[in-house]
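Survey of secondary and tertiary structure
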Amino acid sequence: MKIAIISAKTGNGHIMVMHSLEQCLKQFGYEVSTFPTFYEDLMPSNKIMSDFYNFLTINSIELCCKLSELSYITRPDLTEDFYKGVKDSIIKFLEENKFDIIISTIHTVNHVFLRILEEKKLKKQILYFIVVTDPYNPISIGFDCKGADYYFVHTQIVKNYLLKRGILENKIDVVGYPINEKFKKFIPDVSIFKKFGIDQYKKTVFINSGSQGSYLYFDILKKIIDSNFKCQIIFVCGKNKILFKQVSQYIQKNNLESFIKVYGFIDFIPEVLYVSDFVISKAGANTIFECLYTQTPIIVDATHGLLFQEQGIKEFLELYDVGAIANNIDEMILIFKNFMNNEILEEKKANISQLKISDGKEEIINKILSIYNNRRKYEHSI
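In what follows, the accompanying structure is described.

Focus on the nonpolar core
Membership of the largest hydrophobic core comes to 56 residues, with the highest contact counts inside it found for Ile 103, Ile 288, Val 300 and Ile 313. Setting aside its immediate chain neighbours within four residues, Val 300 contacts Ser 281, Lys 282, Ala 283, Ile 288, Leu 306, Ile 313, Leu 317, Ala 324, Ile 325 and Ala 326. Counting 38 residues, the second-largest nonpolar core is a separate cluster that includes Val 86, Phe 113, Ile 126 and Val 153.

Rendered as structure tokens:
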């Protein structure tokens, strides 16, 4: 059995889900090929658009949202131009690899991919699964295309959305969000506080500027410092080396090293969440579900708006009350002050606990393997 997982580098969430599913398949003893830049590799313009999208997430949430809205309105994934541009690359990918199962954690390519499988009469030989990485409404365009063998979503909200788009209910499962295996392997230990150089008996706040490192969080940090909150802060700059340099110099200049710790891109998020009382971050699905999995309340930063596919976080928080949204910097400071209150934090944590968040990657993989095995049994019986 040959298995592929295709993804894209727009943001980091698609790839994180890809890696989680990959980990599970390997633990089950299966070989799997991963393609983290599948979308970008199809044609040069895709890489340009992906880089531009990531650039906007760092510099202008408003423009990034407009770009996503444009895609939602024009549906480039359904156009003949996009089909003609990627057709040869996808056919080559299929002919060279002969995969039995393809798992997609991306959106834009699904319609074209499924169309080519139909045209090449490969639908019976190749199973195609879509893991929808967006947990809110709206979702990114392309996750909602018909024709896949099965769809995995992480909230009833998204299932309802797919049903309205004409996806059959018996082809949709609501499962836990695929969590990286390092969260399951993580062992809590008070020595981690010492590792970070922070006091376990004082409030600690994790400010997550995203995988690309948005400059907007530097402004939030300075506003918090100006407000004289008595807390410790872990500030993560992602891949933005310029942001890391700016924040580090600011902290050194103001002699704040003893209670503000700055990092670039990190691979020890479970440890950071373990020592943190709450998080300030964007509404990315990966971050939200890692916080929920570790029962860490979150303040969602909407001071410059929300990305198009993240706007449904408002509905999500209204339903479950596991965090709060700051629509401007003054509201951010007010919510920050409220979250410094133990009673409010404990109430949020209790609400998170009631959600019973689980890691869904094993359920996803087991379902995929079951569908594959049943298909093969049926083929052998006729």
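Here's the deal with a nonpolar patch on the surface
Together, Met 49, Phe 52 and Phe 55 make up an exposed nonpolar region whose accessible area comes to about 290 Å². Mapped onto the elements of the fold, Phe 55 is located in helix 3 (residues 44-59).

Description of the pairing of strand 7 (residues 204-208)
Burial runs high along strand 7: 5 of the 5 residues are buried. Residues Thr 204, Phe 206 and Asn 208 point to one face of strand 7 and Val 205 and Ile 207 to the other, with burial holding for every one of them. For strand 7 and strand 8 (residues 232-236), the ladder comprises 5 bridges, and the chain directions are parallel. Its bridge partner lying in strand 8, Asn 208 is registered against Val 236. Note on the crossover from strand 7 through helix 10 (residues 216-226) to strand 8: the handedness is right-handed. One ladder, built from 3 bridges, connects strand 7 with strand 10 (residues 278-281); its direction is parallel. Looking at the pairing, Val 205 lines up with Phe 278 of strand 10.

Considerations on unusual backbone geometry
In this structure, Pro 138 follows Asn 137 across a cis peptide bond, with omega equal to 10°. With respect to the element layout, Pro 138 can be found in the loop between strand 4 (127-131) and strand 5 (150-153). Phi at Arg 75 is positive, roughly 45°, even though this residue is not glycine. Along the chain, Arg 75 turns up in the loop between helix 4 (61-74) and helix 5 (80-97). Its identity is not glycine, yet Lys 98 carries a phi of approximately 55°, on the positive side.

Focus on the side chain of His 107
For His 107, the position within the fold is in the loop between strand 3 (101-104) and helix 6 (110-119). One polar contact links His 107 to Thr 108, side chain to side chain, over a distance of 3.0 Å. Leaving out residues up to four positions away in the same chain, His 107 has contacts with His 14, Ser 140, Ile 141, Gly 142 and Phe 143.

Regarding helix 7 (residues 156-164)
When helix 7 is considered as a whole, its buried residues turn out to be Ile 157, Val 158, Lys 159, Tyr 161 and Leu 162. Elements in contact with the buried residues of helix 7: helix 4, strand 5, strand 6 (172-174) and helix 14 (313-320).

With respect to the sheet that holds strand 3
Read across the open sheet, the 6 strands follow the order 2-1-3-4-5-6; overall the sheet is parallel. Of all the strands in the sheet, just strand 2 (33-35) and strand 6 have a single pairing partner and so form its edges. Within this sheet the neighbouring strands show an average axis-to-axis angle of 20°, counted without direction. Where strand 1 (residues 3-6) lies against strand 2, 3 bridges are found, and the strand directions are parallel. From the neighbouring strand, Ile 6 faces strand 2, where its bridge partner is Phe 35. Helix 7 contacts strand 5 and strand 6 of the sheet and is inclined by roughly 165° relative to strand 6.

Observations concerning the pattern of salt bridges
Scanning the model with the defined rule gives 18 salt bridges in all. A salt bridge links Lys 66 to Glu 69; its shortest N-O distance comes to 3.7 Å. Separated by 3 residues within a single helix, Lys 66 and Glu 69 lie in helix 4, roughly one turn from each other. In this structure, Arg 75 and Asp 144 form a salt bridge, with 3.2 Å as the shortest nitrogen-oxygen distance. A residue pair is termed long-range when its members are at least 10 positions apart, and Arg 75 in the loop between helix 4 and helix 5 and Asp 144 in the loop between strand 4 and strand 5 qualify at 69 residues. Each of the two residues, Arg 75 as well as Asp 144, counts as buried. Three or more residues joined by partner-sharing salt bridges are found here, namely Arg 75, Asp 77, Asp 144 and Arg 165.

About the thresholds
- Residues numbered from 1 in each chain as written.
- Predicted model: local features only at pLDDT ≥ 70, side-chain atom pairs only at ≥ 80, totals over all residues.
- Heavy atoms only, no water.
- Core = buried A, V, L, I, M, F, W, Y, C linked by side-chain atoms within 4.5 Å.
- Buried < 20%, exposed > 50% of the residue type's maximum accessible area, 1.4 Å probe, protein only.
- Contact = heavy atoms within 4.5 Å.
- Patch = residues over 30% accessible without salt bridge, like charges linked within 9 Å, V, L, I, M, F, W, Y side chains within 5 Å.
- Areas by Shrake-Rupley, 256 points an atom, 1.4 Å probe, with all protein chains shown as cover.
- Salt bridge = Lys/Arg side-chain N within 4 Å of Asp/Glu carboxyl O.
- Helix = DSSP H or I, 4+ residues; strand = E, 2+ residues; numbered from the N terminus.
- Pairing = 2+ DSSP bridges.
- Right-handed = clockwise from strand over helix to strand, strands pointing away.
- Polar contact = N/O pair within 3.5 Å; in protein donor to acceptor, adjacent residues only side chain to side chain.
- Axes fitted to C-alpha atoms, helices over the stretch in contact; angles between N-to-C directions.

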